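Each chain, letter by letter, is given below.
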Amino acid sequence: MSTSIDQQWTTRLRRRVAGKLPPEKLLPDTQPAYVSSWIYVFGVTTMSALAVVIGSGLILALRGPQWWHESSIGHFVNSLHLWSVEIFFFAMVVHLWGKFFMGAWRGGRTATWMTGVVTFLASIATAFTGYASQSNFDSQWITTQAKDGINSTGAGAFFNVLNLGQMLMWHIVLLPLAAVVLTALHVLLVRIKGVVPPYEDKVGEAQ
Amino acid sequence: MAWFSFLAALIPLDGYGHYLHWGVINISVANFIVIVLMVVTFIAALLLPFPGRNRRKESK
């Protein structure tokens, strides 16, 4: 017989989360044998690069454009931000290729695959608004070239690439928030469903 | 700092970009190199042995 405590949303949510993602599944001690291959390291490489992107971005936000354009340390952190983004995309594309050829949507992993796809798209938008927010001649060139393409889609009515303030806010608030939340969701789904096994194994058997 | 100057001399970044053309395909050399490196990394990740893989098999 269910009590009033059983009906509370906090109780129901806790039981649901604990049922789907018990601690030993969230932070497992071991991984299936097929995970011992270099092709499986690119997801975590992408996340590590994302951590450096966010960290260097926070420092850039603290000090501002004059600092990153004119001081030596500013140049260094600016470069760190750029190159961590390069590694982020490099690792994400290799991860994408690996997962595509593994058919990583198999075994009820459609949501895992789709969150990855949307994260990839959000990351491209984040990188683009970053290039548009550099506040130099490069960003002027990129935005004046991009405006015609964006306007031809109709999105220019609410997404004006020539509006530096808007691009900066998208770059440092909205899109990183989306990228981080989607990445967290993607990783949680990987933990719930497990790493996709190779084609020769039955789905879920090796877990 | 000397090797920074040496590296900068090897890869000049101040000039005009270099582009490759194959019919309708037009790509900068820098982007082409990145794509080639990604393909090489992908193939290497499939072929190179992962440390500890044999040890795991033996312990089974």
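The rules behind these values
Residues numbered from 1 in each chain as written. Chains lettered and ligands numbered in written order. Predicted model: local features only at pLDDT ≥ 70, side-chain atom pairs only at ≥ 80, totals over all residues. Heavy atoms only, no water. Helix = DSSP H or I, 4+ residues; strand = E, 2+ residues; numbered from the N terminus. Buried < 20%, exposed > 50% of the residue type's maximum accessible area, 1.4 Å probe, protein only. Areas by Shrake-Rupley, 256 points an atom, 1.4 Å probe, with all protein chains shown as cover. Contact = heavy atoms within 4.5 Å. Buried area = accessible area lost by both parts, 1.4 Å probe. Salt bridge = Lys/Arg side-chain N within 4 Å of Asp/Glu carboxyl O. Nonpolar A, V, L, I, M, F, W, Y, C, P; charged D, E, K, R; others polar. Pairing = 2+ DSSP bridges. Core = buried A, V, L, I, M, F, W, Y, C linked by side-chain atoms within 4.5 Å. Patch = residues over 30% accessible without salt bridge, like charges linked within 9 Å, V, L, I, M, F, W, Y side chains within 5 Å. Phe/Tyr/Trp six-rings, centres within 6.5 Å; stacked < 30°, edge-to-face > 60°. Lys NZ or Arg CZ within 6 Å of the ring centre and 35° of its normal. Polar contact = N/O pair within 3.5 Å; in protein donor to acceptor, adjacent residues only side chain to side chain. pLDDT = per-residue confidence, 0-100.

Visitor: Can you walk me through the overall build of chain B in this structure?
Guide: Of the regular secondary structure elements, chain B holds 3 helices and 2 strands. When the elements of chain B are put in sequence order from the N terminus, they spell out α-β-β-α-α. Sorting the 60 residues of chain B into buried and exposed places 10% on the buried side. As displayed, chain B offers around 5,600 Å² of accessible surface, 70% of which is attributable to carbon and sulfur atoms.

Visitor: When you look at the interface of chain B and chain A in this model, what are you seeing that I'm missing?
Guide: Buried accessible area, meaning the area lost when the parts come together, often serves as the stated size of an interface. Each side of the interface is counted separately: chain B has 15 residues, and chain A has 15 residues. Of all residues in chain B, Met38, Phe42 and Phe50 of chain B give up the largest surface area on contact with chain A, accounting jointly for 43% of the area buried on that side. Joining chain B to chain A, the criterion identifies 0 salt bridges. Within the residue set of the side of chain B that touches chain A, elements represented by two or more residues are helix H2 (29–47) and helix H3 (53–59) of chain B. The element that contributes the greatest number of residues to the side of chain B that touches chain A is H2 of chain B, accounting for 8 residues. Its residues placed into classes, the side of chain B that touches chain A shows 11 nonpolar, 1 polar and 3 charged.

Visitor: Would you take a moment to explain the pairing of strand S1 (residues 19–22) of chain B for this structure?
Guide: Put simply, side chains in a regular strand alternate between the two faces of the sheet. All names here are of chain B. By the bridge criterion, 4 bridges tie S1 to strand S2 (residues 25–28) in an arrangement that is antiparallel. For Trp22, the partnering residue across the bridge sits in S2 and is Ile25. Once S1 ends, the chain turns through 2 residues before running back antiparallel as S2, passing Gly23 with a positive phi of about 60°.

Visitor: How should the environment of Ala111 of chain A be read in this particular structure?
Guide: By secondary structure assignment, the location of Ala111 of chain A is in helix H7 (residues 110–132). Linking Ala111 of chain A and Lys193 of chain A, residues 82 residues apart in sequence, is a C-alpha distance of 9.9 Å.

Visitor: So what exactly am I meant to see when it comes to the nonpolar core here?
Guide: A general tendency of soluble globular proteins is for nonpolar side chains to be buried together. Within the largest apolar cluster, 16 residues are counted, with the highest numbers of intra-cluster contacts made by Ile39, Tyr40 and Val94 of chain A. When residues of this core are traced back to their parent elements, those giving at least two are helix H6 (72–102) of chain A together with H2 of chain B. No other element matches the 4 residues that H6 of chain A contributes to this core. Those residues in contact with Ile39 of chain A that sit more than four places away from it in its chain are Val94, Gly98 and Met102 of chain A together with Phe42, Ala45 and Leu46 of chain B. In this structure, Ala49, Leu50, Val53 and Val85 of chain A belong to the second largest nonpolar core, which totals 8 residues.

Visitor: Hey, could you run me through a nonpolar patch on the surface in this one?
Guide: Residue and element names in this part refer to chain B. On the surface, a cluster of nonpolar side chains totalling about 590 Å² of accessible area is made up of Trp22, Val24, Ile25, Phe32, Val36 and Val40. With 3 residues, the top contributor of residues to the nonpolar patch is H2. Among the structural elements, Trp22 can be located in strand S1.

Visitor: Help me understand the packing of aromatic side chains in this model?
Guide: Where two aromatic rings form a pair, the distance of their centres and the angle of their planes describe that pair. Evaluated as defined, the whole model comprises 10 aromatic pairs over all chains. Ring geometry for Phe101 of chain A versus Phe42 of chain B: centroids 6.1 Å apart, planes at 40°, classification tilted. Pair noted here: Phe101 of chain A is in helix H6 and Phe42 of chain B is in helix H2, and the two residues belong to different chains. Given a relative accessible area of 56%, Phe101 of chain A falls into the exposed group. An aromatic cluster of three or more residues is present, and its members are Trp97, Phe100, Phe101, Trp105 and Trp113 of chain A together with Phe42 of chain B. Taking the ring centre of Tyr199 of chain A as reference, the NZ or CZ of Arg106 of chain A above it sits at 4.0 Å.

Visitor: Even after reading the chapter, I still don't get the side chain of Ser36 of chain A, so can you show me in this structure?
Guide: Among the secondary structure elements, Ser36 of chain A is positioned in the loop between helix H3 (23–26) and helix H4 (42–63). In terms of polar contacts, Ser36 of chain A uses its side chain to reach the backbone carbonyl oxygen of Ala33 of chain A, at 2.6 Å.

Visitor: Would you mind showing me how to read the confidence of the model for chain B here?
Guide: Regions with low pLDDT should not have their predicted coordinates read in detail. Across chain B, the average pLDDT comes to 82, with 80% of residues at 70 or higher. At the low end of the mean pLDDT range in chain B sits H3 of chain B, at 59; at the high end sits H2 of chain B, at 95.

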